[in-house]
Amino acid sequence: IGLIGLSSALLEPTPFPAELQECYEYRAYNMTPSFKAAMHIQNICFRNYQYNQFAAGKVWSGPNITQEGVNYIESLFRQILLEAKHVEKYNKHGGRQKRQAFPGRFRREVRSPGAFQPYANCIQRLQSESVEPATAGRNTYQTMAVFHTGETLRYAHGGPAFAPWHRIYLLLLETACRAPIPYWDSGLDHDMTDPTMSILWSNQFFGNGDGEVMNGPFRDMRTILGTPVIRNYGTGDSALFTKEGLRAVLSQRNYADIAEPLFGDAFMNSLEGHHNGPHVWVGGHISALNSAPWDPVFYMHHAYVDAVWERFREQQVTNGINPETDYPRTPPPPEGHAANDRIDFRPYINPITNIFAMRNLVANLVRYEPFPTCENTCNSSPHLSCDRARRICVSRERPVAQGNIVSASSSSSSVAMGASRGSAFRVESRSQARAEARGPLPVGQKFRSSPMQDPRNGADTIGTGPAAAQIRQASVQVRASATSQSQSSTQTRVRRDVFQNTTAHSNHQSVSSLERSFTNTFVLDGVVDLKRWVYVPVRIVYTRSPNVQGVDPTLLGNAELANDVCQTAHSGASKVFVASNGLNYYGNYKEFAIIDERQPVSITTTAVGIKNPEFGEGEVLFTSYDSCGRPCRPLCLTSVNGQQKYKACSGAFKISSAAPTMYRNSYKEAIAANLLEELNMVDSGSDASSPPVTFVCGNSNTWPWSY
């Protein structure tokens, strides 16, 4: 540390927020310091601090919902919790209170008699109502759909929070509906000769599945982009929710066995992975994460996913496993997916956590009609039939007028909506032609492929493009771009790995990981504007970790590298990550520095973005960790006896426009301004331009923070 140069600084260390300090001390109390525990404490404490800032209105949390909308959502949560207490009391008395009927929700398969129409009526009603001012430009249904957009999607997908997050989301819409959401068992359609011929894709149920929805109860719906709901059924590379997928999920014992992230052969057991299939198969708006709830089929599909999860939980009870506490804790889950992370419906900040949504108090709100089987006469549905040869229920076909279908050899070029897509027919439709004429849907990233493939599917002729500005404005935040996966299998059954979430908790770094970079959103208080960001240099002092004998392996030769606690790429290069998170503004930035992991000590500099003080003073928290998940210790430039010196600190800084300026307008300028200092670190006087913060990455038996 004595090598580090000293100077004056613009960024001044600021007192660590009392709420964060209290959280750190509470969670670290009576605990032996460790890298893993330190990372967990830093992440969960800051996330809870940020939530409280949102809830108190001190930090921007998204322009998508007005205060009236927040009040409406809050009222729905109150109703849910009151109903949960009522159901709990009912179950406590064995359901015998004066022969009272079950006070919760009873969800039936969508084709069961009387199951669909109340839900369809609700969706039509929500489309005609509004809980927000006219200036918001949204009806109540669109207000509900906005919650499944933007940054929130990170916390709803790709981890164990997937099932509890969507369980709460279903309850919200159901409470607004005042009617149960029917579940769509899409396996009943998959087992047809041609799933696109299902009775569901008719005027009687979902409406047409080819292009713009022009018949059925949802024909008059409009998205926040002003377009009709668009579908493209029977396309893509994924199957509907198959019976094989159902068996794979139900064959597991613990929730961690069916919750993302799962890789290799284990992906076949992923509940979320199989859930992706119907999203991709239906196509159109429902195939993209930002726009999926625009199609009411979304909620019926997720009701089935929830039913599968509930059957899984019932099996756990039979096997002596408590589903209320069976939440994955190791390895550390992705951000927002830890057991005590709050379920994110910002800007409405509710106290419900992922582990709370696992409780029977929540699960008991809903009962499900058994899945249709030949043994229960397919739930007595006139729209299902028992295939006695296979002993399974399948959907009946929808009636198709003779004039609506033309063969491939016909000279007609356009027909009415509702055309089949399977191998039995090759047709075109007016609704499809109108949808294709609009071009790719501007809705952003599509769902990843499922573990199962259907060779009967056709190519997606509509596709998706970058999310439109209206979606970004209505969303909680601008969603960070994600890396898409290429798929190249032609087999009917395909097991695919989802894109691997690279976290700081991995204990091995591949050479290829050095080529990965971060895509920062540049969202600052809800505005994407590069001028609102400036860059400050951050110095990294990196030390090798000891081997299992506690000895630096670089002193013993390369033969000892295999015993190193931190298994890096051993290519001579490794990464140290640095992040800035606004304490009194909404904005985060992440960058990395390349260090030489072969050396006992390696020193380098990177630069991270912070709020431009020209747009108001701010407070920021800097954190850092290396490629092995070891949190780095911050040192801040402070005045000691009239001289600027580095000393241990919390990493919290106040940003102001006062001189001397320690930031630059670009990453390149910030690095270049510090280059001379890097070349002359030993003999640097008080006038040198040292970074305001330095991180020391190494092994220590103490917590990596100081107040």
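Everything discussed here concerns the structure shown above.
In this text the structure is predicted, and so the values were computed from the model without any measurement. (Residues numbered from 1 in each chain as written. Predicted model: local features only at pLDDT ≥ 70, side-chain atom pairs only at ≥ 80, totals over all residues. Heavy atoms only, no water.)

### What to know about the packing of aromatic side chains
Phase 1 of the analysis: One pass over the structure, following the stated rule, counts 31 aromatic pairs.
Phase 2 of the analysis: Ring plane angle 70° and centroid distance 5.6 Å describe the contact between Phe622 and Phe653, whose orientation is recorded as edge-to-face. In this pair, Phe622 is assigned in strand E14 (residues 618-626) and Phe653 in strand E17 (residues 652-655), connecting sequence segments 31 residues apart. The burial state of Phe622 is the same as that of Phe653; both residues are buried.
Phase 3 of the analysis: Taken together, the ring pairs connect Phe116, Trp184, Trp201, Phe205, Phe206, Phe218, Tyr233 and Trp281 into an aromatic cluster.
Phase 4 of the analysis: The ring of Phe102 has Arg367 lying over it, and the distance from NZ or CZ to the ring centre is 4.0 Å.
Phase 5 of the analysis: Note that Lys575 overlies the ring of Phe592, its terminal NZ or CZ placed 4.1 Å from the centroid. (Phe/Tyr/Trp six-rings, centres within 6.5 Å; stacked < 30°, edge-to-face > 60°. Helix = DSSP H or I, 4+ residues; strand = E, 2+ residues; numbered from the N terminus. Buried < 20%, exposed > 50% of the residue type's maximum accessible area, 1.4 Å probe, protein only. Lys NZ or Arg CZ within 6 Å of the ring centre and 35° of its normal.)

### Let's talk about empty space enclosed by the protein
It is the rolling of a water-molecule-sized probe over the atoms that shows where space remains empty.
Phase 1 of the analysis: Evaluated as defined, the whole model comprises 7 cavities of 30 Å³ or more.
Phase 2 of the analysis: Looking at the largest cavity, its volume works out to about 80 Å³.
Phase 3 of the analysis: It is E14 that contributes the most residues to the lining of the largest cavity, 4 residues altogether.
Phase 4 of the analysis: Its residues assigned to classes, the lining of the largest cavity comprises 9 nonpolar, 4 polar and no charged.
Phase 5 of the analysis: For the second largest cavity, the calculated volume is near 60 Å³.
Phase 6 of the analysis: Along its surface, the second largest cavity is lined by Phe162, Ala163, His166, Arg167, Leu170, Leu271, His302, Val305, Asp306 and Trp309.
Phase 7 of the analysis: Top contributing element to the lining of the second largest cavity by residue count: helix H7 (residues 162-177), with 5 residues.
Phase 8 of the analysis: When grouped by side-chain class, the residues that make up the lining of the second largest cavity number 6 nonpolar, 2 polar and 2 charged. (1 Å grid on protein atoms, 1.4 Å probe; cavity = no way out; pocket = protein on both sides within 12 Å on 5 of 7 lines; lining within 4 Å. Points joined across faces, edges and corners; volume = space filled by probe spheres on them. Nonpolar A, V, L, I, M, F, W, Y, C, P; charged D, E, K, R; others polar.)

### Considering unusual backbone geometry
Phase 1 of the analysis: Omega for the peptide link from Glu260 to Pro261 comes to 0°, which places this bond in the cis form.
Phase 2 of the analysis: Residue position: Pro261 is located in the loop between helix H9 (243-250) and helix H10 (271-282).
Phase 3 of the analysis: For Arg391, which is not glycine, the phi torsion reads 55° and is therefore positive.
Phase 4 of the analysis: With respect to the helices, strands and loops of the structure, Arg391 is situated in the loop between strand E6 (384-387) and strand E7 (392-395).

### Some thoughts on the sheet that holds strand E1 (residues 12-13)
Phase 1 of the analysis: Strand order in the open sheet formed by 5 strands is E1-E17-E14-E11-E12, with antiparallel pairing between adjacent strands. Every interior strand has two partners, whereas the edge strands, E1 and strand E12 (588-595), have only one.
Phase 2 of the analysis: In the sheet, E1 pairs with E17 via 2 bridges, with the strands oriented antiparallel. Among the inter-strand pairings, Glu12 is bridged to a residue of E17, identified as Lys654. (Pairing = 2+ DSSP bridges.)

### Some details on the pattern of salt bridges
Phase 1 of the analysis: For the structure on display, the rule yields 22 salt bridges.
Phase 2 of the analysis: Of the charged contacts, one joins Glu109 and Arg111 as a salt bridge, the two residues approaching to 2.9 Å between their closest N and O atoms. Residues Glu109 and Arg111 agree in their burial class; the two are buried.
Phase 3 of the analysis: Here Asp529 and Arg532 are joined by a salt bridge, their closest N and O atoms 4.0 Å apart.
Phase 4 of the analysis: Given a relative accessible area of 21%, Arg532 falls into the partly exposed group. (Salt bridge = Lys/Arg side-chain N within 4 Å of Asp/Glu carboxyl O.)

By themselves, these figures tell us nothing about what the structure is for.
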